[in-house]
Amino acid sequence: MRLHLTWPLLKQFVIIPNTCFSYSITSRCAVSTGCKPVKRRKERKPKLPADWHTLSWEERLADTVTPLWRMSYDEQLQWKQEQQYKILLEMTKQLSQDSTHPFSNDLRFPLLPIVASPVSDGYRNKSTFSVNRGVDGNPKTVGFYIGNGKSGNIVCVHGDHLLNMPSKHKMVARHYEDFLRLSPLKPCILFHEGGHWREITIRTNSASHTMVIVYFHPQTLMAEEISVHKAALVEYFTQGPGAVCQLDSLYFQETTMTRCSHEQSPYQLLHGQPHIFEEVLGFKFRISADSFFQVNRGAAEALYKTVAELNRACVGGTLLDVCCGTGAIGISLSPQMERVIGIELIEQAVEDAKFNAAVNKVHNCEFLSGKAEVVLPNLMTTLSSDGGLTAVVNPSRAGLHYRVVRALRNHPGIRRLVYISCKPDGEAIKNFQGLCCSSDYKRKITGEAFKPTVAIPVDMFPHTPHCELVLVFER
């Protein structure tokens, strides 16, 4: 589905789904934003079958990882449209508590029809498979968890049947499991219990080029000992049974932490090329081991087209791209703008963004590395609103730091802000309130308040309850 509506037409549509689906609720924790308290958000998911515990392990895993898999794709889209309406209605109620916004208990801005993913099956270009005890008790099982550590009932189940998983990822995961079972080293399930082999991340592009990152806990092994096992890993995937996977890049990261960046513990390239490349909307993008890139290429194109359409009224001027990743949004919108400034925390992603701009011969983009809450306030004092100033933010599920929200709110030149949220019923609600609440001089929120004017869901994650919500704020 492509969005062909121009801005004046967008304001004519209000979509209120009338189909109701049952859902269960789990609570989420909240973080401080410096505005009035907001009720904890609740995550909506379809109810599990009553006989869930009698189902096969494969069905239980599918219900855990892809809870909507039992619905047709059209039903999934309708369900998500309904959920987005409920989320936005709740947001409207929260904003109505502020006297600056005399909202009633109704949605007073358009919610347009959800933009479908061009591909609903096998769409993921990045997957991380865990290592743990399988159904048969083998601790060298590669798949996805059911259960939790607190209850001590974790079971690792193969993901071969999952609808969102491409065949290449399944193939690599199965061969990694085979390699682990040939290795004399134990898997690292709990750090304090020892073991070495950990999860594996698989990244692919539309040309089936494949990058693999293997995570390894060194424990007390010496560098010389680890090099032996790295060599065995390379041999397995280049000359042994794993050669069928045809890896283009094989990385290895030694770390004693659950997650860490390239700067904290470098990704070691054991075999192949350092990057893979993807094309989106005619632009070429370089992908590194730890760079953020949307997991669904086709839906990402639909998302960027939607953002570009929403930005038609602001053609020219400066685009501020916050949490820019490898620069995909800024570069794809660069033909519309005089200048694009991207801000990103991960240094390697910024290097990729700079490369992407250069390789695509885009000369009006610049990218800055650092925490947005540190970089942005200083940057805002240097930005001129001549020609127009528009902001696009695409944060993680944790949302934007309150200092970022404050800096955007307090700059009078920003008249339109496009917020892309992968979890609008989570911490992002605090950001929405920070953008729209009354001025608060005690907390240094002095700028004119924004108002939401249009919302469009984009289905980036078929078979799951999640989607991206593009929400436009204006003042």
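Keep in mind it's a predicted model, so treat the numbers as computed, not measured.

Remarks on the nonpolar core
One broad trend across soluble globular proteins is that nonpolar side chains are buried collectively.
Consideration 1: By size, the foremost hydrophobic cluster in this structure holds 48 residues, and its most contacted members are L303, V307, I331 and F367.
Consideration 2: Among the elements that line this core, the one with the most residues is helix α6 (residues 297–310), at eight residues.
Consideration 3: Once you skip the residues sitting within four places of it in the chain, I331 turns out to touch F283, F285, T326, A353, N356, A357, V362, C365 and F367.
Consideration 4: Of all hydrophobic cores here, the second largest spans 39 residues; its members include F109, V322, L376 and L383.

Regarding the UniProt feature "binding site: S-adenosyl-L-methionine" (unreviewed entry) in the chain
Consideration 1: According to UniProt, the positions carrying the feature "binding site: S-adenosyl-L-methionine" (unreviewed entry) are Q294, E344 and N394.
Consideration 2: With respect to the element layout, E344 can be found in strand β13 (residues 339–344).
Consideration 3: Sequence-distant contacts of E344, that is, excluding residues within four places in its chain, are made with C323, C324, G325, A349, V350, L368, S369 and G370.
Consideration 4: By the element assignment, N394 lies in the loop between β15 (389–393) and α10 (402–410).
Consideration 5: Judged by its relative accessible area of 11%, N394 falls in the buried class.
Consideration 6: Leaving out residues up to four positions away in the same chain, N394 has contacts with F292, Q294, V322, C323, I329, I420 and E468.

Here's the deal with the sheet that holds strand β5 (residues 155–157)
Consideration 1: Pairing within the open sheet is mixed, and its seven strands lie in the order β5-β4-β3-β6-β7-β8-β9. Since the sheet does not close on itself, it has two edges, and those belong to β5 and β9 (268–272), each with one partner. When the angles between neighbouring strand axes are averaged without regard to direction, this sheet yields 35 degrees.
Consideration 2: Two elements, strand β4 (residues 141–146) and β5, share three bridges in a ladder whose sense is antiparallel. Directly across from Y145, in β5, lies its bridge partner C156.
Consideration 3: Sheet contacts for helix α5 (residues 223–238): β6 (197–204), β7 (210–216), β8 (249–254) and β9; angle to β8, the most-contacted strand, approximately 155 degrees.

About the cut-offs
Residues numbered from 1 in each chain as written. Predicted model: local features only at pLDDT ≥ 70, side-chain atom pairs only at ≥ 80, totals over all residues. Heavy atoms only, no water. Core = buried A, V, L, I, M, F, W, Y, C linked by side-chain atoms within 4.5 Å. Buried < 20%, exposed > 50% of the residue type's maximum accessible area, 1.4 Å probe, protein only. Helix = DSSP H or I, 4+ residues; strand = E, 2+ residues; numbered from the N terminus. Contact = heavy atoms within 4.5 Å. UniProt positions renumbered as here; feature names shortened; annotations may be inferred. Pairing = 2+ DSSP bridges. Axes fitted to C-alpha atoms, helices over the stretch in contact; angles between N-to-C directions.

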